[in-house]
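The primary structure of each chain is shown beneath.
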Amino acid sequence: MHEILSLPRGSYEILGFFVVFRVLHSLLTNYGPIPSSLSTASPRNIWMYRNITVSFVHSFFSAFLSVYW
């Protein structure tokens, strides 16, 4: 039974980062401000804005961790 629950090294970190960024995307979707220039934009452009914002946070976090480690 123990072998079924054991995952390869790094699996918990990957799962944790996935959850964190999905929560961040969800928070941006529900509570994040939209610039006034995007208030009349198509839903695709709004999605791209949120996606770029999450990507920026990911890049910042990854850069910080790479310097830290």
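Thresholds, definitions, all that
Residues numbered from 1 in each chain as written. Predicted model: local features only at pLDDT ≥ 70, side-chain atom pairs only at ≥ 80, totals over all residues. Heavy atoms only, no water. Axes fitted to C-alpha atoms, helices over the stretch in contact; angles between N-to-C directions. Helix = DSSP H or I, 4+ residues; strand = E, 2+ residues; numbered from the N terminus. Parallel < 35°, antiparallel > 145°, perpendicular 65-115°, else oblique. Left-handed = near helix turned anticlockwise from the far one by under 90°. Contact = heavy atoms within 4.5 Å. Patch = residues over 30% accessible without salt bridge, like charges linked within 9 Å, V, L, I, M, F, W, Y side chains within 5 Å. Areas by Shrake-Rupley, 256 points an atom, 1.4 Å probe, with all protein chains shown as cover. Salt bridge = Lys/Arg side-chain N within 4 Å of Asp/Glu carboxyl O. Buried < 20%, exposed > 50% of the residue type's maximum accessible area, 1.4 Å probe, protein only. Expected span 1.5 Å × (residues − 1). Arc of directions from axis to C-beta. Lys, Arg positive; Asp, Glu negative; His and termini not counted. Polar contact = N/O pair within 3.5 Å; in protein donor to acceptor, adjacent residues only side chain to side chain.

*Asks:* Just checking my understanding: could you explain the packing of helix α2 (residues 11-31) against helix α3 (residues 43-68) for this structure?
*Replies:* If you want to describe how two helices pack, look at the angle between their axes and the distance between the axes. Between α2 and α3, the least distance of the axes is 10 Å, while the angle of their chain directions is 140°. With respect to their mutual orientation, α2 and α3 come out oblique. As for how α2 packs across α3, the hand of that crossing is right-handed. Along the contact surface, α2 presents Phe17, Phe21, Leu24, His25, Leu28 and Thr29, while α3 presents Trp47, Arg50, Thr53, Val54, Val57, His58, Phe61 and Leu65.

*Asks:* Which parts of the structure should I look at to understand a nonpolar patch on the surface?
*Replies:* Judged by side-chain polarity, Leu15, Phe18, Val19, Val23, Leu27 and Tyr31 come together as a nonpolar surface patch covering roughly 650 Å² of accessible area. Along the polypeptide, Leu15 turns up in helix α2.

*Asks:* Explanation requested: the environment of Asn51 in the structure shown.
*Replies:* Within the secondary structure, Asn51 sits in helix α3. Overall, the relative accessible area of 31% leaves Asn51 in the partly exposed class. Separated by 40 residues in the primary sequence, Asn51 and Ser11 place their C-alpha atoms 24 Å from one another.

*Asks:* Sorry if this is basic, but what is going on with α2 here?
*Replies:* Helix length check: α2, at 21 residues, gives a terminal C-alpha distance of 30 Å against a target of 30 Å (1.5 Å per residue), a fit within 8%. For α2, the set of buried residues is Phe21, His25 and Leu28. Projected down its long axis, α2 carries its buried residues within an arc of 60°, all on one side. Counted as exposed and oriented over 90 degrees from the buried face of α2: Tyr12, Leu15, Asn30 and Tyr31. Elements that come into contact with the buried residues of α2 comprise α3.

*Asks:* Where do I start with the side chain of Arg50 in this structure?
*Replies:* Secondary-structure assignment places Arg50 in helix α3. No salt bridge is formed by the buried Arg50. Its closest oppositely charged neighbour is Glu13, at 29 Å. A polar side-chain atom of Arg50 sits 3.4 Å from the main-chain carbonyl oxygen of Leu28. Those residues within four positions of Arg50 in sequence are excluded, and the remaining contacts are His25, Leu28, Thr29 and Ile34.

*Asks:* Help me understand α3, please; the structure alone is not making it clear to me.
*Replies:* In an α-helix there are 3.6 residues to a turn, and that puts residues three or four apart on one side. With 26 residues, α3 extends 37 Å from end C-alpha to end C-alpha; this agrees with the ideal 38 Å at 1.5 Å per step. Along α3, the residues classified as buried are Ile46, Arg50, Val54 and Leu65. Those residues of α3 that are buried are in contact with α2.

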